[in-house]
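# Structure assessment
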Amino acid sequence: MQGAPIDMIVIDNVLPKSYADEIENTMFSPSFPWYYADDITYGRNAGEMEKTYGFFNLLYSDGIKTSNFASFFEPIYHIALDKANITIENSRVLQARAFLQLPLLQPRKYNNKHVDSSIPHTVVLYYVNDSEGSTHLFSGLEVIKKIEPKKNRVVIFDGTIYHSSGSPNISKRCVINFNILSNV
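## Describing unusual backbone geometry
You will see that Asn13, though not glycine, has its phi angle at about 50 degrees, which is positive. In this structure, Asn13 sits in the loop between strand 1 (8-11) and helix 1 (17-27). In this structure, Asn85 is a non-glycine residue whose phi angle is positive, near 60 degrees. Residue placement: Asn85 occurs in the loop between helix 3 (75-83) and strand 5 (91-101). Accessibility expressed as a relative area gives 74% for Asn85, which makes it exposed.

## A word on the packing of aromatic side chains
One pass over the structure, following the stated rule, counts 10 aromatic pairs. We note Lys113 situated over the ring of Tyr162; from NZ or CZ to the ring centre the distance is 6.0 Å. Positioned above the aromatic ring of Phe28 is the side chain of Lys172, whose terminal nitrogen or guanidinium carbon lies 4.5 Å from the ring centre.

## A few points about helix 1
Taken together, the buried positions of helix 1 are Tyr19, Ala20, Ile23, Glu24, Thr26 and Met27. Along the axis of helix 1, the buried residues cluster in a sector spanning 165 degrees; they form a single face. Projecting away from the buried face of helix 1 at angles above 90 degrees are the exposed residues Lys17, Ser18 and Asn25.

## With respect to the nonpolar core
Within the largest apolar cluster, 34 residues are counted, with the highest numbers of intra-cluster contacts made by Ile23, Met27, Phe73 and Ile176. Elements that contribute at least two residues to this core include exactly helix 1, strand 3 (54-61), helix 2 (70-73), helix 3, strand 5, strand 6 (122-127), strand 9 (153-158) and strand 11 (173-182). With near-sequence residues (within four places) excluded, Ile23 lies in contact with Leu15, Phe72, Phe73, Ile76, Tyr126, Val128 and Ile176. In this structure, Tyr127, Leu137, Ile147 and Ile161 belong to the second largest nonpolar core, which totals 13 residues.

## So, the side chain of Asn177
Assignment of secondary structure puts Asn177 in strand 11. Side chain to side chain, Asn177 and Asp116 meet in a polar contact 3.0 Å long. Within the structure, the side chain of Asn177 is placed 3.3 Å from the side chain of Asn179, a separation counted as a polar contact. Ignoring anything within four residues of it in the chain, the contact list for Asn177 reads Gln95, Ala96, Arg97, Phe99, Asp116, Val123, Val124 and Leu125.

## Focus on the environment of Asp158
With respect to the helices and strands, Asp158 occurs in strand 9. Sequence separation between Asp158 and Met8 is 150 residues; the distance between their C-alpha atoms is 7.2 Å. A distance of 2.8 Å separates polar atoms of two side chains, one belonging to Asp158 and the other to Thr160.

## Quick notes on the pattern of salt bridges
Going through the model one piece at a time under the given rule, you end up with 7 salt bridges. Residues Asp21 and Lys17 are paired through a salt bridge, measuring 2.7 Å at the closest nitrogen-oxygen approach. Taken together, the residues Asp21 and Lys17, both in helix 1 and 4 residues apart, mark about one turn of the helix. Lys65 is the partner of Glu74 in a salt bridge, and the nearest nitrogen-oxygen pair spans 3.8 Å. Take Lys65: its relative accessible area is 43%, and that puts it in the partly exposed class. Because the salt bridges share partners, they merge into one network encompassing Lys17, Asp21, Glu24 and Lys151.

So, how was this worked out
Residues numbered from 1 in each chain as written. Predicted model: local features only at pLDDT ≥ 70, side-chain atom pairs only at ≥ 80, totals over all residues. Heavy atoms only, no water. Helix = DSSP H or I, 4+ residues; strand = E, 2+ residues; numbered from the N terminus. Buried < 20%, exposed > 50% of the residue type's maximum accessible area, 1.4 Å probe, protein only. Phe/Tyr/Trp six-rings, centres within 6.5 Å; stacked < 30°, edge-to-face > 60°. Lys NZ or Arg CZ within 6 Å of the ring centre and 35° of its normal. Arc of directions from axis to C-beta. Core = buried A, V, L, I, M, F, W, Y, C linked by side-chain atoms within 4.5 Å. Contact = heavy atoms within 4.5 Å. Polar contact = N/O pair within 3.5 Å; in protein donor to acceptor, adjacent residues only side chain to side chain. Salt bridge = Lys/Arg side-chain N within 4 Å of Asp/Glu carboxyl O.

So this is what it looks like as structure tokens:
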């Protein structure tokens, strides 16, 4: 990565509308495979709260494509980094996952805070649909930024920052999370 670490960048309407619609339609179709997880943070949490169940599709794991849908979603992070004017030298995907959270009767402000990997990386988080359940960025125990889920919005931030999802209470919350490494 060139320059200082990324604080946080939010870009609305990051993708062409037709591609954003195709992503949403694909992910909410009966042919998209979702897998149940007791905790969508995969146990990478600070341990202060209950687990948050949800559904996921592992697109990349340790830099290897693990889903037939990985190539379809890959342009998201390239387009987002390009629009944000961010150059990550010799970038590669460490891991990428799609997440689906269903409404909770008693939603929490935020779920377990966590980092996706202990390896320094950049997070590119894409919102598939409009929903509740903000993304929270932390400094220590304090929430320092809150990003509302909005279809075709992306948030880019330093992956060493603790973050968490919020819980939806009316609609489903669907995101695609890329963890990008530099191979310098």
